[in-house]
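Structural overview for review
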Amino acid sequence: MKIIFLAGKGQSTVFLYNALKDDFNIAAVLQEDRVDSKKLIKGRIKRLGYISVFNQLLFQTIISKILFYFSKNRIEKLKLKYSLSSTPIPEQKIINVSSVNSEESIKNLKNFDADVIIVNGTRIISKKVLESTKAKFINTHVGITPFYRGVHGAYWALVAKDINNCGVTIHEVDQGIDTGSILRQERITISKKDNFTTYPYHQYGVSVAPMKAVLNDIKNNTLVKQKKAPHKGKLYYHPTFTGYLYNRIFKGVK
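Every chain is numbered on its own, with residues counted from 1 as its sequence reads. The predicted nature of this model means local features are confined to residues of pLDDT at least 70 and side-chain atom pairs, given and counted, to a pLDDT of 80 or more, with totals for whole chains, interfaces and linings taken over all residues. In computing side-chain values, all of the structure's heavy atoms are included and hydrogens and water are not.

**So, the overall build of the protein**
Regarding its fold elements, the protein presents nine helices and nine strands. The globule rule used for comparison is 2.2 Å times the number of residues to the exponent 0.38, while the radius of gyration itself is calculated over C-alpha atoms. Taken against the 2.2 N^0.38 rule, which gives 18 Å for 254 residues, the C-alpha radius of gyration of the protein at 18 Å falls within 12% of a compact globule. Each of the three principal axes of the protein carries a C-alpha extent, and together these read 50 × 40 × 40 Å. Residues counted as buried form 46% of the 254 residues belonging to the protein. Between two residues, a contact is recorded if the distance between any of their heavy atoms is within 4.5 Å. The contacts in the protein between residues at least 6 apart in sequence include a share of 71% that link residues at least 24 apart. Put simply, DSSP marks the helices as runs of H or I at least four residues long and the strands as runs of E at least two long, and each gets a number from the N terminus on. A simple rule labels every residue: compare its accessible area, found with a 1.4 Å probe on the protein chains alone, to the largest value its type can have, and call it buried under 20%, exposed over 50%, or partly exposed in between.

**Concerning the nonpolar core**
Of all hydrophobic cores here, the largest spans 25 residues; its most connected members are Tyr 155 and Tyr 244. For this core, the elements supplying multiple residues, two or more each, are helix H3 (50–70), helix H4 (72–81), helix H7 (153–159) and helix H8 (199–219). A total of six residues in this core trace back to one element, the largest contributor, which is H7. The contacts of Tyr 155, once residues within four sequence positions are left out, are Phe 196, Tyr 199, Pro 239, Gly 243, Tyr 244, Asn 247 and Val 253. Among buried residues, those of type Ala, Val, Leu, Ile, Met, Phe, Trp, Tyr and Cys that are joined through side-chain atoms within 4.5 Å constitute a nonpolar core. Formed by 20 residues, the second largest nonpolar core is a distinct cluster that contains Phe 5, Leu 16, Phe 24 and Ile 26.

**Quick notes on the sheet that holds strand S2 (residues 25–32)**
Pairing between strands requires that DSSP locate at least two bridges from one strand to the other. The mixed open sheet is built from seven strands, whose spatial order is S3-S2-S1-S4-S5-S7-S8. Because the sheet does not close on itself, it has two edges, and the strands there are strand S3 (94–97) and strand S8 (182–187). Between one strand axis and the next, the sheet turns by 20° as a mean value, whatever way the strands run. Sheet analysis places strand S1 (residues 2–7) next to strand S4 (residues 116–120), joined by five bridges and oriented parallel. When the bridges of S4 are listed, Ala 7 appears paired with Asn 120. To get an axis, fit a line to the C-alpha atoms, keeping to the stretch in contact for a helix; angles then go from 0 to 180 degrees between the N-to-C directions.

**Let's talk about the packing of helix H2 (residues 37–48) against H3**
Helix-helix packing: each pair is described by the crossing angle between the helix axes and the interaxial distance. Direction vectors running N to C along H2 and H3 enclose 130°, while the axes themselves pass 7 Å from each other. It follows that H2 is oblique to H3 by the angle criterion. Taken together, the residues of H3 that come into contact with H2 (itself represented by Ile 41, Arg 44, Ile 45 and Leu 48) are Tyr 50, Ser 52, Val 53, Gln 56, Leu 57 and Gln 60. Gly counts as polar in this scheme, as do all residues outside two lists: the nonpolar Ala, Val, Leu, Ile, Met, Phe, Trp, Tyr, Cys and Pro, and the charged Asp, Glu, Lys and Arg. Counted by class, the contact of H2 with H3 contains six nonpolar, three polar and one charged residues. Note on terminology: angles under 35 degrees are roughly parallel, angles over 145 are roughly antiparallel, angles of 65 to 115 are roughly perpendicular, and the others are oblique.

**Thoughts on the side chain of Asp 178**
Tracing the chain through its elements places Asp 178 in the loop between strand S7 (167–172) and S8. Residues scored as charged are limited to Lys and Arg (positive) and Asp and Glu (negative), so that His and the chain ends carry no count. One side-chain nitrogen of Lys or Arg within 4 Å of one carboxyl oxygen of Asp or Glu is enough to make a salt bridge. Buried and unpaired, Asp 178 has no salt bridge, with Arg 149 as the nearest side chain of opposite charge at 5.9 Å. Under the rule applied, a polar contact is a pair of N or O atoms within 3.5 Å (in protein, one hydrogen donor and one hydrogen acceptor; residues adjacent in sequence only if both atoms are side-chain atoms). Polar contacts involving the side chain of Asp 178 include one to the side chain of His 141, which spans 3.3 Å. A distance of 2.8 Å separates a polar atom in the side chain of Asp 178 from the backbone nitrogen of Gly 150.

**So, the pairing of S1**
In terms of burial, S1 is a largely internal element, five of the six residues being buried. Between S1 and its parallel partner S2, the chain crosses via helix H1 (residues 11–20), and the hand of that crossover is right-handed. Convention used here: a crossover is right-handed provided that the path from the first strand, over the helix, to the second strand proceeds clockwise when the strands point away from the viewer.

**Considerations on a positive patch on the surface**
Positive charge collects at one region of the surface, where Lys 38, Lys 39, Lys 42 and Lys 46 lie side by side. If you trace the backbone, Lys 46 turns up in helix H2. Patches here: salt-bridge-free residues with over 30% relative accessible area, like charges joined within 9 Å, nonpolar side chains (Val, Leu, Ile, Met, Phe, Trp, Tyr) joined within 5 Å. A 1.4 Å probe and the Shrake-Rupley method give the accessible areas. Residues count as covered only by the protein chains that appear here. In plain terms, the charge of a residue is placed at NZ if it is Lys, CZ if Arg, CG if Asp and CD if Glu.

**Focus on the packing of H3 against helix H9 (residues 241–251)**
Two elements in contact, H3 and H9, have axes whose closest approach is 7 Å; the angle formed by their N-to-C orientations is 50°. Taken as axis vectors, H3 and H9 run oblique relative to one another. Contacts from Asn 55, Leu 58, Phe 59, Ile 62, Ile 63 and Leu 67 in H3 reach Phe 241, Thr 242, Tyr 244, Leu 245 and Arg 248 in H9. For the contact of H3 with H9, the class distribution of residues is eight nonpolar, two polar and one charged.

**Comments concerning the packing of aromatic side chains**
Each Phe, Tyr or Trp ring (for Trp, its six-membered ring) is paired with any other whose centre lies within 6.5 Å, and the angle between the two planes then decides the class: stacked below 30 degrees, edge-to-face above 60, tilted in between. All told, the structure shown has 13 aromatic pairs when counted by the stated rule. Taking 6.1 Å as the distance between ring centres and 70° as the angle between the ring planes, the aromatic pair formed by Phe 5 and Tyr 17 counts as edge-to-face. Of this pair, Phe 5 sits in strand S1 while Tyr 17 sits in helix H1, and the two are 12 residues apart along the sequence. Each of the two residues, Phe 5 as well as Tyr 17, counts as buried. Geometrically, the ring pair formed by Tyr 155 and Trp 156 is edge-to-face, given 5.0 Å between the ring centres and 75° between the ring planes. With respect to class, Tyr 155 is no different from Trp 156; both count as buried.

Below, the structure is given as structure tokens:
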């Protein structure tokens, strides 16, 4: 079974590649360039408005960085606990593309003729790309779908006091945002030592086993899809500065 990655340049791609490389045939990693920050912000403003986006940027530039600074030791311990390796992906495996939706990306997908395409940390994939190959597109979402789609699924589940839906989902990719058929899910267990910046490391860690199980199911032709939920749940975005402070003070969610 031939596998290729269609991925962003984040550390989660590196973790997942290293977790799978010894057990599966990963032919290549198609790695897209980061989305231009100005375009990203403009897109957010169109969806959410100036005030919300400004508040989000305050959170990302102040609170998120402070949390990360004081969580470095915790993060390293979690990487050891879950065997998350930061060893760089071999350069000969990487093919850089401007976007997952570019013609060069489609050309590479057709040339490799893979059985499975693992999507990780990319922009929304177009219908043209999804239909360019017969391969299955599967993704790890750091949240339990359909309830917590979008970003920071664990954080928002904790805010909602919904600990039973705090985890990860392996799902097929369709044209929606985290709306594809659910293949496997796994919950995480956090402690008082954790916060917004450490929740994802629990999610990266527990996602490996269900991803391997899905890949083996595909290989053995035993894959079972869960029925789609009758609703799409809610789409979540980045926390705002004031929203985070409120949730921390009044709900105890760090």
